[in-house]
4 protein chains.
Amino acid sequence: MSGPTPHPWPAYRWPDGKRSAFCFTVDVDATGPYLWGQRAPDAPRRLGQLEQRHFGQRSGVWRLMDLLDRFGIKGTLFVPGAIAEQNPGLLPAILQRGHQAGLHGWFHELVADSTDSEFTAALEASVELFRRQTGTAPQGFRSPAWEMTPHMLAELQRLGLWDSSLMGADHPYEIAGVTEVPVQWALDDAILYKFSALPGDRTPVTPGAVLDSWSEEWEGQHQYGGLTMLTVHDWISGRVQRLRVLEKLLDRVTAAPDCWVATVGEVAAWHAAGNSGRFVAEATIPEPIEPRRFR
Amino acid sequence: MSGPTPHPWPAYRWPDGKRSAFCFTVDVDATGPYLWGQRAPDAPRRLGQLEQRHFGQRSGVWRLMDLLDRFGIKGTLFVPGAIAEQNPGLLPAILQRGHQAGLHGWFHELVADSTDSEFTAALEASVELFRRQTGTAPQGFRSPAWEMTPHMLAELQRLGLWDSSLMGADHPYEIAGVTEVPVQWALDDAILYKFSALPGDRTPVTPGAVLDSWSEEWEGQHQYGGLTMLTVHDWISGRVQRLRVLEKLLDRVTAAPDCWVATVGEVAAWHAAGNSGRFVAEATIPEPIEPRRFR
Amino acid sequence: MSGPTPHPWPAYRWPDGKRSAFCFTVDVDATGPYLWGQRAPDAPRRLGQLEQRHFGQRSGVWRLMDLLDRFGIKGTLFVPGAIAEQNPGLLPAILQRGHQAGLHGWFHELVADSTDSEFTAALEASVELFRRQTGTAPQGFRSPAWEMTPHMLAELQRLGLWDSSLMGADHPYEIAGVTEVPVQWALDDAILYKFSALPGDRTPVTPGAVLDSWSEEWEGQHQYGGLTMLTVHDWISGRVQRLRVLEKLLDRVTAAPDCWVATVGEVAAWHAAGNSGRFVAEATIPEPIEPRRFR
Amino acid sequence: MSGPTPHPWPAYRWPDGKRSAFCFTVDVDATGPYLWGQRAPDAPRRLGQLEQRHFGQRSGVWRLMDLLDRFGIKGTLFVPGAIAEQNPGLLPAILQRGHQAGLHGWFHELVADSTDSEFTAALEASVELFRRQTGTAPQGFRSPAWEMTPHMLAELQRLGLWDSSLMGADHPYEIAGVTEVPVQWALDDAILYKFSALPGDRTPVTPGAVLDSWSEEWEGQHQYGGLTMLTVHDWISGRVQRLRVLEKLLDRVTAAPDCWVATVGEVAAWHAAGNSGRFVAEATIPEPIEPRRFR
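This text gives an overview of the structure that appears in the document. If you're wondering where the values come from, they're calculated on a predicted model, not measured in any experiment.

A separate point is the pattern of salt bridges. Residue and element names in this part refer to chain A. Tallied over the entire structure, the rule returns 53 salt bridges over all chains. In this structure, aspartate 258 and arginine 19 form a salt bridge, with 3.9 Å as the shortest nitrogen-oxygen distance. Within this pair, whereas aspartate 258 is found in the loop between helix H10 (240-254) and strand E9 (259-261), its partner arginine 19 is found in the segment before strand E1 (20-27), the two being separated by 239 residues in sequence. Among the charged side chains, a salt-bridge network with shared partners connects Asp66, Asp69 and Arg97.

Below is the structure:
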């Protein structure tokens, strides 16, 4: 008799005998999500909310890049079109410092609030702005709030962009023909720290607990051979208390010689090269339960 | 004068002089609860939500079974009918690896959303599917979301199934003629970790705090002579950070020679054999307060 | 020039040169609050919710009294009339074991849902039941959910009962002629642990964090000379994990010879004797802001 | 080729070679926010809620000032007009003990609930009351709930007041001609501890976690050269458990000779003197997204 049935998705192969990979990414949201939430003509747009987020442009994103420089590692920064337009020096500065930049919607518009054609228009406009501001073509996309539709994936495939928005594995895979470099909530600073005194806000988690969580996640990925995809935000983790958590985490990650610290683009390119194993998913939306229900 | 009045429910007796018992269970929900929540024809069914849960089928449930194998212990996995139907190899693989499988509704439909006859139809269909896929009869049931009605208990009794859904004790008991192997919220990973950016989601608890909570619960059950009924989910605790918590917990549990590590079915059989003491509850729904109110 | 202005409420004086006081209280709510919340004729009354709370009557309250016995200390248990009526042996057992029993509404009805005359009827009925079941008169009252109105205080004064429901100090005081032995949220187990999968439930806090909080509170009261009024619930802290927190806390409290461990009635009697200092508050409800607003 | 682009806002310069600054502030809200929330004529005004907040006036604010005295440091206390009017000895006592007092609205009215003219009337009335009660002019303002409008800033500039309500940096800056000494949520006790059993309340964070968070924040500001602006409340951090957290934090802060412990007014004066660097923001409210949306 044979042994246990094999895993549907077996172990992932990393380049050069590396055991695991680590990406440091920044979603440079700035005022985007707040203004999107207040997009109605009569919605209040408060100075307090705006100033809290302006912190990210004045200090936060620069401190995060300084931190990466101190460790000699390259990050990937996703910038909504509207934020890049307001801060025309931002994308060039990211590239000049050797980091990668990616797309992140235009207004940080949410999937649930947008039509397919609006998504396409926003994507094309942000590609065009990226080219105009940097003289180079963007390679990848991250969806605002990490949602995705089959239409969106089809558009990414048409434009030859990789994606970093889904959670179907903890290593790269292919979905609807697009290379997916996956995220996950446990490695997102916003769900742990974000607080603006808006309805539904949760209590910020304290730094010792976050360091415990992210260290354990990284240890686990390094043990299981996966990808630690860390995502932080300019106006959230650019605050000093959170920078200290990142510093302590990077101390551990960069001390492991067999952990591959790379940009999302480098990981996507490795996966697309096809030596990692075959991990292919379909982008299928199941039928609703209700008409049939049960019997 | 006599001493203090005795406890209504005195100490539970475990087999072979064991002090306490431990069950490792997995509710293999996969996409079930999300699709049930989105069951209306016009509800959105988002790729991001689905991919997060597909992780459980691609990796999570297999890693959990690997973990149990490494410790040489048998778990009990509860699978909704719809998930078993979509993954016809799952129930056979569970049994082939020596674990127990149990029923868990068809669509993971909730008690509050279902009629008595819908419950009966779902239960019978899931029994029938289980037989067809495994060639054996199911022995036990766990209610989706851990709610229960007198009708449901009557149906379980009619079909000779034990139940593992209620919280009236921290050791087995009998309710409405059914053997109950009880659960409790403090030992459910979902209320601590589950996060999908849906309304009402709470902040995930960090692994150090969860290990503290579950270790203390197990220490307490071992001290008081009860049952530690751990429940985890494929797409939640199949993530590496949570696997590490489970590994550390199992290190402690399996080091105690007088803790009985067993499947839910083994515990139910022990209780039904009648040597554990008499612990019988009625399934009574009290009259509403309101018509009478207070005088 | 004189020194700083004195505190409006200076240091409290405890008997026999004690530095601080400690009360262990149990609100024996059992199914009361759930049934009150579901009091409408057509509201669902679910077995899962009921069984979770029945645990308190089958095991929890007895384990809590056993714990107090092991430490040789006397607790104060507040029992709603309806719960005492369903469990006629409960109040006698509390008294027989040497603990104090107090009133706690009839159905655990909330202030916001009740009229003045309903409150009076419930209070008088619970006094009558207490006398009938125990042959003694109750001495004190704790309001369900810790709310209070001037009418309620007037009724307590009329019946000569002390109160333990308000938070205006961290030592006894007098309000509207009633002796108040105050509570506070930081020492209530329900806001930290309670979880029933009902809307608005929060994530249970893990035991290490609760022990940190309660130990610090007790250390603080012992440092500042106040009263540590701990409140736990039969179906919540009667669970083993929480019993272990209580055990570790009591280890510390009972090791301090200058901390007075007493029932609420003993503390109320000390305060009423008048040697503790003068701490008098009025039960004044201020006028609403709105008609006048600002100018 | 040049090095990385410089930060938009470079390092802040503190007086006398200090590395960082620390302000201890108290928002003496007392019953204000509760009564404002219940300001409608028919809203309930409950004794339990009121008594919990009266604690701040009877004990909390005095204990906080005693704590500052023990460390020999000066705090800044912001008092709503209505609270100062009800407690005419409070502002004089604050000044007599050597602390600074600032304005904090009249009823603790929220920006979202008030018109521009109501704000102006409340501000002028609170200035007038401050002069009458203390014989001195107030120097600074903190907005209730930390929101702000261009009108409010214009009024502060007209009256020559500094502000301490915004989060656009972690050191002083200028906005719309007003000196801003910024706050931030991570250093506010209310979002961590506040609990009154009102809808939306969150679980209080335990003291060890708060000490971790505030210590890390202070360490970070001291490392990065910023301002640690701590904000606590009379009825919240005047409780003994929280006083102990503050004591442990102040032990660390006051042990650092190169951290400048100062009142908000002293920090504002340093910034206004112009030797700290140029940090100027506009108070601009962007146009709504919606009419234009995306294409």
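That covers the picture; the talk isn't over yet.
A separate point is unusual backbone geometry. Positive phi outside glycine occurs at alanine 30 of chain B, with the angle close to 50 degrees. On the secondary structure map, alanine 30 of chain B appears in the loop between strand E1 (20-27) and helix H1 (32-37). Even without glycine at this site, alanine 197 of chain D takes up a positive phi of about 60 degrees. Examined against the element boundaries, alanine 197 of chain D turns out to sit in the loop between helix H7 (189-193) and helix H8 (207-224).

Right, let's talk about the layout of surface pockets for a bit. Size it by volume and the second largest pocket reaches roughly 1,500 Å³. Contributing to the lining of the second largest pocket are 49 residues, with Leu110, Ala145, Trp185 and Lys194 of chain B together with Ala197 of chain C lying nearest its centre. Contributing elements (two or more residues each) for the lining of the second largest pocket: H1, helix H2 (47-71), helix H7 (189-193) and helix H9 (234-237) of chain B together with helix H2 (47-71) of chain C. Considering only residue class, the lining of the second largest pocket consists of 24 nonpolar, 15 polar and 10 charged.

Attention now moves to the relation of the copies chain A and chain B. Mapping chain A onto chain B calls for a rotation angle of 90 degrees and an axial translation of 0.0 Å; the resulting RMSD is 0.0 Å. On this basis, the relationship between the two copies can be described by a four-fold rotation axis. Among all residues of chain A, the minimum C-alpha distance to the rotation axis is found for arginine 202 of chain A, at 5.3 Å. Here only 5% of the contact residues of chain A are again contact residues in chain B; the copies associate through non-equivalent surfaces.

Moving on to the relation of the copies chain B and chain C. After a rotation of 90 degrees and a shift along the axis of 0.0 Å, chain B superposes on chain C with an RMSD of 0.0 Å. When the interface residues of chain B are mapped onto chain C, a mere 5% of them again lie at the interface, so each copy presents a different face.

Another aspect to go through is the packing of helix H2 (residues 47-71) of chain D against helix H10 (residues 240-254) of chain D. Residues and elements named next belong to chain D. Relative to each other, H2 and H10 sit at 25 degrees, their axes nearing to 11 Å. Regarding the angle of H2 to H10, the classification is roughly parallel. As for the relative orientation of H2 and H10, their crossing is right-handed in sense. Judged by residue contacts, Arg63, Leu64, Leu67, Leu68, Arg70 and Phe71 of H2 engage Val240, Leu243, Leu246, Glu247, Leu250, Asp251 and Thr254 from H10. A breakdown of the residues in the contact of H2 with H10 according to their chemical character gives eight nonpolar, one polar and four charged.

By the secondary structure assignment, glutamine 52 of chain B is in helix H2. Of note is the side chain of glutamine 52 of chain B, whose polar atom sits 2.8 Å from the backbone oxygen of phenylalanine 195 of chain B. Those residues in contact with glutamine 52 of chain B, other than ones at most four positions away along the chain, are Met167 and Trp185 of chain A together with Phe195, Ser196, Trp235 and Arg239 of chain B.

All names here are of chain D. With eight of eight residues buried, strand E1 (residues 20-27) is to be regarded as a mostly interior element. A two-sided burial pattern is seen for E1, the buried positions comprising Ser20, Phe22, Phe24 and Val26 on one face and Ala21, Cys23, Thr25 and Asp27 on the other. Here E1 runs beside strand E9 (residues 259-261); their pairing, made up of three bridges, is parallel. In the strand pairing of E9, alanine 21 is matched with tryptophan 260. The pairing of E1 with strand E8 (residues 227-233) spans seven bridges and is parallel. Residue pairing for E8: phenylalanine 24 is matched across the bridge by leucine 230. As judged from the three bridges shared by E1 and strand E2 (residues 76-79), these two strands associate in the parallel manner. Its bridge partner lying in E2, threonine 25 is registered against threonine 76.

For the structure on display, the rule yields 44 aromatic pairs over all chains. A ring pair is formed by tyrosine 12 of chain C and phenylalanine 279 of chain C, whose centres lie 5.5 Å apart and whose planes are at 35 degrees; its orientation type is tilted. Of the two residues, tyrosine 12 of chain C sits in the segment before strand E1 (20-27) while phenylalanine 279 of chain C sits in the loop between helix H11 (264-272) and strand E10 (280-281), which places them 267 residues apart along the sequence. Judged on exposure class, the residue tyrosine 12 of chain C and its partner phenylalanine 279 of chain C are both buried. Aromatic side chains tyrosine 193 of chain C and tryptophan 214 of chain C sit 6.3 Å apart centroid to centroid with 80 degrees between the ring planes, which places their arrangement in the edge-to-face category. Of this pair, tyrosine 193 of chain C sits in helix H7 (residues 189-193) while tryptophan 214 of chain C sits in helix H8 (residues 207-224), and the two are 21 residues apart along the sequence. Judged by its relative accessible area of 1%, tryptophan 214 of chain C is buried. Members of the aromatic cluster, joined through ring pairs, are Trp9, Tyr12, Trp14, Tyr173, Trp260 and Phe279 of chain A. Arginine 39 of chain B extends its terminal NZ or CZ atom over the ring of tryptophan 36 of chain B, reaching a point 4.4 Å from the ring centre. Directly above the ring of tyrosine 193 of chain C sits arginine 242 of chain C, whose terminal nitrogen or CZ lies 4.2 Å from the centroid.

All right, on to helix H5 (residues 116-134) of chain D then. All names here are of chain D. Here H5 spans 27 Å end to end across 19 residues, near enough to the 27 Å set by a 1.5 Å rise per residue. All buried positions along H5 are accounted for by Phe119, Thr120, Ala121, Ala122, Leu123, Ala125, Ser126, Val127, Leu129, Phe130, Gln133 and Thr134. Against helix H3 (81-86), helix H4 (90-96), strand E3 (100-103), strand E4 (140-141) and helix H6 (150-159) lie the buried residues of H5. Glycine 135 sits one or two residues past H5 and shows a positive phi near 75 degrees.

Moving on, we come to the arrangement of the chains. What separates chain A from chain C at the closest point of their C-alpha atoms is a distance of 11 Å, and the two make no contact. These two, chain B and chain D, are apart from each other, with no contact and a minimum C-alpha gap of 11 Å.

Taken together, the contacts link 57 residues of chain B with 50 residues of chain C. Summed over both sides, the interface of chain B with chain C buries roughly 4,600 Å², with 59% coming from carbon and sulfur. The tally of links between chain B and chain C comes to three salt bridges. Put simply, chain B and chain C have 18 residue pairs in polar contact (both at pLDDT 80 or more) between them. Elements supplying a minimum of two residues to the side of chain B that touches chain C: helix H6 (150-159), strand E6 (173-175), H7 and helix H8 (207-224) of chain B. With 11 residues, H8 of chain B is the single largest residue contributor to the side of chain B that touches chain C. Of the residues in the side of chain B that touches chain C, the class split is 31 nonpolar, 13 polar and 13 charged.

What follows concerns the interface of chain A and chain B. Residue-level contacts link 57 residues of chain A with 50 residues of chain B. Roughly 4,600 Å² of surface becomes buried between chain A and chain B when both sides are summed, with 60% attributable to carbon and sulfur atoms. Taken together, chain A and chain B are joined by four salt bridges. Between arginine 39 of chain B and glutamate 290 of chain A there is a salt bridge whose closest N-O contact spans 4.0 Å. Applying the counting rule to chain A against chain B returns 18 residue pairs in polar contact (both at pLDDT 80 or more). Contributions of two or more residues to the side of chain A that touches chain B are made by helix H6 (150-159), strand E6 (173-175), helix H7 (189-193) and helix H8 (207-224) of chain A. Top contributing element to the side of chain A that touches chain B by residue count: H8 of chain A, with 11 residues.

Here the focus is the side chain of serine 20 of chain D. Residue and element names in this part refer to chain D. Tracing the backbone through its elements, the reader meets serine 20 in strand E1. Its relative accessible area of 0% is what places serine 20 among the buried residues. Within the structure, serine 20 has its side chain in polar contact with the side chain of histidine 222 (distance 2.6 Å). Not counting the four nearest positions on each side in its chain, serine 20 is found in contact with Trp14, Trp218, Gln221, His222, Gly225, Gly226, Asp258, Cys259 and Trp260.

Another point: the environment of glutamate 282 of chain D. Within the secondary structure, glutamate 282 of chain D sits in the segment after strand E10 (280-281). For glutamate 282 of chain D, a relative accessible area of 65% puts it in the exposed group. For the pair glutamate 282 of chain D and histidine 271 of chain D, spaced 11 residues apart in sequence, the C-alpha to C-alpha distance is 17 Å. Residues contacting glutamate 282 of chain D, with those up to four places away along its chain left out, are Glu51 of chain A together with Ile175 of chain D.

Reading guide: rules and limits
- Residues numbered from 1 in each chain as written.
- Chains lettered and ligands numbered in written order.
- Predicted model: local features only at pLDDT ≥ 70, side-chain atom pairs only at ≥ 80, totals over all residues.
- Heavy atoms only, no water.
- Salt bridge = Lys/Arg side-chain N within 4 Å of Asp/Glu carboxyl O.
- Helix = DSSP H or I, 4+ residues; strand = E, 2+ residues; numbered from the N terminus.
- 1 Å grid on protein atoms, 1.4 Å probe; cavity = no way out; pocket = protein on both sides within 12 Å on 5 of 7 lines; lining within 4 Å.
- Points joined across faces, edges and corners; volume = space filled by probe spheres on them.
- Nonpolar A, V, L, I, M, F, W, Y, C, P; charged D, E, K, R; others polar.
- Least-squares fit on C-alpha atoms with pLDDT ≥ 70 in both.
- Contact = heavy atoms within 4.5 Å.
- Axes fitted to C-alpha atoms, helices over the stretch in contact; angles between N-to-C directions.
- Parallel < 35°, antiparallel > 145°, perpendicular 65-115°, else oblique.
- Left-handed = near helix turned anticlockwise from the far one by under 90°.
- Polar contact = N/O pair within 3.5 Å; in protein donor to acceptor, adjacent residues only side chain to side chain.
- Buried < 20%, exposed > 50% of the residue type's maximum accessible area, 1.4 Å probe, protein only.
- Pairing = 2+ DSSP bridges.
- Phe/Tyr/Trp six-rings, centres within 6.5 Å; stacked < 30°, edge-to-face > 60°.
- Lys NZ or Arg CZ within 6 Å of the ring centre and 35° of its normal.
- Expected span 1.5 Å × (residues − 1).
- Buried area = accessible area lost by both parts, 1.4 Å probe.

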